[in-house]
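Per-entry structural report
As a plain string of letters, each chain reads:
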Amino acid sequence: MYDVARIRADFPILSREVNGKPLVYLDNGASAQKPQVVIDAVTKAYAHEYANVHRGLHTLSTIATEKYEAVRGIVARFLGVGDEEQIILNSGTTEGINMIAYGWAMPRLQAGDEILLSVMEHHANIVPWHFLRERQGVVLKWVDVDSTGALDPQAMIDAITPKTKLIAVTHLSNVLGTKVDVKPICAAARARGIAVMVDGSQAAVHGPVNVEALGCDFYAITGHKLYGPSGSGAIYVRKDRMAEMRPFMGGGDMIKEVSRDAVIYNDPPMKFEAGTPGIVQTIGLGVALEYMMNVGMEAIAAHEEDLGRYTQDRLNGLNWITVQGTAPGKAAIFSFTMDGAAHAHDISTILDKKGVAVRAGQHCTGPLMAHLGVDATCRASFGMYNTREEVDLLIEALELAHDLFA
Ligand code: PLP
């Protein structure tokens, strides 16, 4: 039985008040709160076990290295990856996708080659591909979502041409909550030698992921949405793709030898991890992922599905709210606008007065906002610790905002 009260007790920030009201934190899509075990692990790492990793032979460096390196295995387990050498540790999805753009795509794609994107990508999975468009004439092609916000995998497969070299697609939209069935896309792409980069920033938070079963080439996650520290993350790169990749950044740790005339790189994945990494952040990420797996990814998914259904029902009762994204099986992420003049920023300010934290704006999804024909939305995004009572408080605060603006 999912004990949400027990889980909430693990997150100290959830017991604070904001503007004299109990905090209702519904901005998990932007960043999630941290359980005490993560806070303790970060404190302990700095207070008792801190040194640089990989370089020292002294005790503290050995402890820090062991703890840091253990996270590679934890991430592999979390993502259903058998061989942890296919995991590159980094600072988050933005770094991960840029690494693929600079390290894999730039040396391989030429003018006229095509990258397929869905219209609901986050800017982190758009702008690095624009670099290739600007710098080497690569063509970006877009696949729309339907009126419910669903992406038909067949539509993406049908958009493949002989020039397609890469498909970059989200596994779960940070705005619509739409889950994308990426497996058939990966199968069709693989049969044609096309690589698939899946942005798992949101999907990995809300339920179990097995990247080997998905069959993708690249899969990116970001620690701060996974109840871990900001500045942590990882990318899965399938071994054959890793062999094709060129290092994105050069520096210490990613080399075996450097002379005046030559460089011998470290073996992958270290070859792709230049410089001093986010040591403590990564250690915290490992603890966060263990925490999630202990709660149970299926259990988290079931709890959030219940919350999502309840939220949708309650929002359906407000006929002045328009929810963007109603695809079946969507995650508990609700972007909405309010009829009338109220701007998303004003609504979010009123909600904040009631202790309810939501995000307002474009959510780093310019093409999707244009497709939807809205300039901004409010977004309530749920996490493993949210409750039905908090949904009720959101609705109450929305009613207040509506009364003020109507
Ligand atoms: N992709 C998606 C779907 C996201 O929601 C986000 C964060 O909002 C990112 C990518 C970027 O992640 P980060 O800023 O942690 O690198």
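The paragraphs below set out a description of the structure included in this document. Keep in mind that what you see is a predicted model, and the values were worked out from it rather than measured.

Mapped onto the elements of the fold, His-122 is located in the loop between strand E5 (114–118) and helix H5 (127–136). Among the residues examined, His-122 registers a relative accessible area of 24% and is labelled partly exposed. Along the primary structure His-122 and Gln-362 are separated by 240 residues, whereas in three dimensions their C-alpha atoms are 10.0 Å apart. Beyond its immediate stretch of four places on either side in the chain, His-122 contacts Asn-174, Asp-199, His-363, Cys-364 and Thr-365.

This next bit is on the packing of helix H3 (residues 59–79) against helix H11 (residues 279–295). At their nearest, the axes of H3 and H11 sit 9 Å apart, and the two run at 40° to each other. The angle between the axes of H3 and H11 places the two elements in the oblique class. In the packing of H3 onto H11, the handedness of the crossing is left-handed. On H11, the residues touching Ala-64, Lys-67, Tyr-68, Val-71, Ile-74, Val-75, Arg-77 and Phe-78 of H3 are Ile-279, Thr-282, Ile-283, Leu-285, Gly-286, Leu-289, Glu-290, Met-292 and Met-293. Partitioned by chemical class, the residues of the contact of H3 with H11 number 12 nonpolar, 2 polar and 3 charged.

So, on to the sheet that holds strand E14 (residues 333–338). As summarised here, the arrangement of the 4 strands in space is E13-E14-E17-E16, forming an open sheet in which the pairing is antiparallel. Looking along the sheet, the strands with just one partner apiece sit at the ends: strand E13 (321–324) and strand E16 (359–361). Across the sheet, the mean angle separating the axes of adjacent strands is 30° when strand polarity is ignored. In this sheet, strand E17 (residues 377–381) lies alongside E16 in antiparallel orientation, the contact comprising 3 bridges. Each residue of the ladder has a partner; that of Gly-361, found in E17, is Thr-377. Relative to the sheet, helix H15 (residues 388–405) contacts E13, E14 and E17, its axis offset from that of E14 by approximately 15°.

Thresholds applied
The numbers attached to residues start from 1 for each chain and follow its sequence in the written order. A pLDDT threshold of at least 70 governs which residues receive local features in this predicted model, and a stricter bar of 80 or more applies before side-chain atom pairs are shown or counted, although totals over entire chains, interfaces and linings include all residues. Think of the side-chain values as coming from all heavy atoms in the structure, minus any hydrogens and water. Secondary structure elements are taken from DSSP: a helix is a run of H or I of four residues or more, a strand is a run of E of two residues or more, and numbering for both begins at the N terminus. Type-normalised accessible area, obtained with a 1.4 Å probe on protein chains alone, sets the label of each residue: buried when under 20%, exposed when over 50%, and partly exposed for intermediate values. When checking whether two residues touch, look at their non-hydrogen atoms; a contact exists if any pair is within 4.5 Å. To obtain each axis, a line is fitted to C-alpha atoms, and for helices this fit is confined to the stretch in contact; angles are then taken between N-to-C directions over 0 to 180 degrees. Orientation categories follow fixed angle ranges, with anything under 35 degrees roughly parallel, anything over 145 roughly antiparallel, 65 to 115 roughly perpendicular, and all other angles oblique. Whether a crossing is left-handed or right-handed is set by the direction in which the near helix is turned from the far one by less than a right angle, anticlockwise for left-handed and clockwise for right-handed. Here the nonpolar group is Ala, Val, Leu, Ile, Met, Phe, Trp, Tyr, Cys and Pro; Asp, Glu, Lys and Arg are the charged ones; every other residue, Gly included, is treated as polar. The rule for pairing is simple: two strands pair if DSSP sees at least two bridges between them.

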